[in-house]
Amino acid sequence: MMPFLFNFQRYLEAKRSVDDRALNRQVWATLSELLARFPRRPVRILEIGAGIGTMIPRVWEWGLIDQATYLALDIEADNLHYARNWLAHWAQQNGVMFDESTGSCFFQQGKRWLKLDLLVADAFIPSGLPFPHHQFDLLIAHAVLDLVNLEAGLATLVNCVHPGGWLYLTLNFDGLSLFLPPLSWELDDQVIALYHQSMDERLLHGLPTGGSTTGRALFATSSALGLEILAAGASDWVIFPQHNHYPAQEAYFLHCILHFIEESLAQQALLPTERLIKWLSARRAQIARGELIFIAHQFDFLFSVPK
Ligand SMILES: C[S@@+](CC[C@H](N)C(=O)[O-])C[C@H]1O[C@@H](n2cnc3c(N)ncnc32)[C@H](O)[C@@H]1O
């Protein structure tokens, strides 16, 4: 067995197939219908915390957009650097014309096109984003909001879209992580409770972040900002082996989840080291045998911004 080496971009790549299964199809379909009826072309999209850009093949392959400008923003330059090469490779593999001679990434297939720009920026600094307000039709934040202060963060995102525009906020973690089969209920519960606690203790710019209950908190936070929920539903990660084998890169994804738990708990010395090591070793052995199942409960939302 190859030794596990954590790499964030590889983690995001491995997460793609897990997210594809998880995304709530009813929420997606509502957005898809709205965009199909929306008269403006190109549709102007901003994605915050875009990582390596896995949402871009998704909106293309699942037919969400036909002509769009897409600004993908992330705080980490390494992610966006990786995104450029990764998306060029994806285009080549899928018969999509790709051109970056103008500095933007341009994708085209027949009448469909997407012009992508990549921007390194902190989307949530108090001074705000480095472009004028209200210029986008749709804002996407996928697996991001648990990392930021919900009240301040959501207000920032609302300012990005024009009145009547949409916020598509997906994979918002909501308080349940489950590893099966159980090892010892008591140790499993302790590890997971401490992992969630570490999420709840995270700060960004001195403010508490959405943490382990971001999903449910979005109902109240969005309502306080006057946002209307157009669709909402669960988007749980469910990773399971078939014939003791995980699809795509999902075994690597599971190792990354254990790595996050190890980092969070080790840093805070919340559990005696030998108990943590025992738990991690047993879970890693379950991945190697193709036995581990992991479930995380999350919510997707589609909001409209008041006119
Ligand atoms: C869990 S990853 C999700 C990435 C991508 N949306 C995906 O699901 O593949 C969270 C992403 O948000 C980015 N991020 C975190 N804080 C940010 C901030 N303040 N401004 C912009 N991006 C941020 C991280 O660099 C990371 O790429």
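A few points about the site of the ligand
For step 1, the next point in the chain: Around the ligand, 19 residues are found, and the nearest of them are Gly49, Gly51, Ile75, Ala123 and Ala143.
For step 2, the next point in the chain: Taken together, the residues that form the shell around the ligand break down as 10 nonpolar, five polar and four charged.

A look at unusual backbone geometry
For step 1, the next point in the chain: Cis geometry is found at the peptide bond from Arg41 to Pro42, where omega equals 0°.
For step 2, the next point in the chain: Tracing the backbone through its elements, the reader meets Pro42 in the loop between helix H2 (25-37) and strand S1 (43-48).
For step 3, the next point in the chain: Look at the link from Leu180 to Pro181: it is a cis peptide, with omega at -10°.
For step 4, the next point in the chain: Of note, Pro181 is situated in the loop between strand S7 (161-180) and helix H6 (185-200).
For step 5, the next point in the chain: At His134, a position not held by glycine, the phi torsion is positive, near 60°.
For step 6, the next point in the chain: Of note in the backbone geometry, Leu171 takes a positive phi value of approximately 50° without being a glycine.
For step 7, the next point in the chain: Mapped onto the secondary structure, Leu171 falls in strand S7.

Concerning the environment of Trp279
For step 1, the next point in the chain: Tracing the chain through its elements places Trp279 in helix H9 (residues 273-288).
For step 2, the next point in the chain: Along the chain, Trp279 and Ala141 lie 138 residues apart, while their C-alpha atoms are 33 Å from each other.

Topic: helix H5 (residues 150-160)
For step 1, the next point in the chain: When H5 is considered as a whole, its buried residues turn out to be Leu150, Gly153, Leu154, Thr156, Leu157, Val158 and Cys160.
For step 2, the next point in the chain: Tucked inside the fold, the buried residues of H5 contact S1, strand S6 (136-142), S7 and helix H7 (214-224).

Side note on the packing of H6 against helix H8 (residues 250-268)
For any two helices packed against each other, the geometry is given by the interaxial angle and the distance between the axes.
For step 1, the next point in the chain: Two numbers describe how H6 lies on H8: the axes approach to 9 Å, and their chain directions differ by 80°. The pairing of H6 with H8 is recorded here as roughly perpendicular in orientation. Of the residues in H8, those in contact with Val191, Leu194, Tyr195 and Ser198 of H6 are Ile261, Ser264, Leu265 and Gln268.
For step 2, the next point in the chain: The residue inventory of the contact of H6 with H8, partitioned by class, reads five nonpolar, three polar and no charged.

The rules we used
Residues numbered from 1 in each chain as written. Predicted model: local features only at pLDDT ≥ 70, side-chain atom pairs only at ≥ 80, totals over all residues. Near = placed C-beta within 6 Å. Nonpolar A, V, L, I, M, F, W, Y, C, P; charged D, E, K, R; others polar. Helix = DSSP H or I, 4+ residues; strand = E, 2+ residues; numbered from the N terminus. Buried ≥ 20, exposed ≤ 12 C-beta atoms within 10 Å, placed from the backbone. Contact = placed C-beta atoms within 7 Å. Axes fitted to C-alpha atoms, helices over the stretch in contact; angles between N-to-C directions. Parallel < 35°, antiparallel > 145°, perpendicular 65-115°, else oblique.

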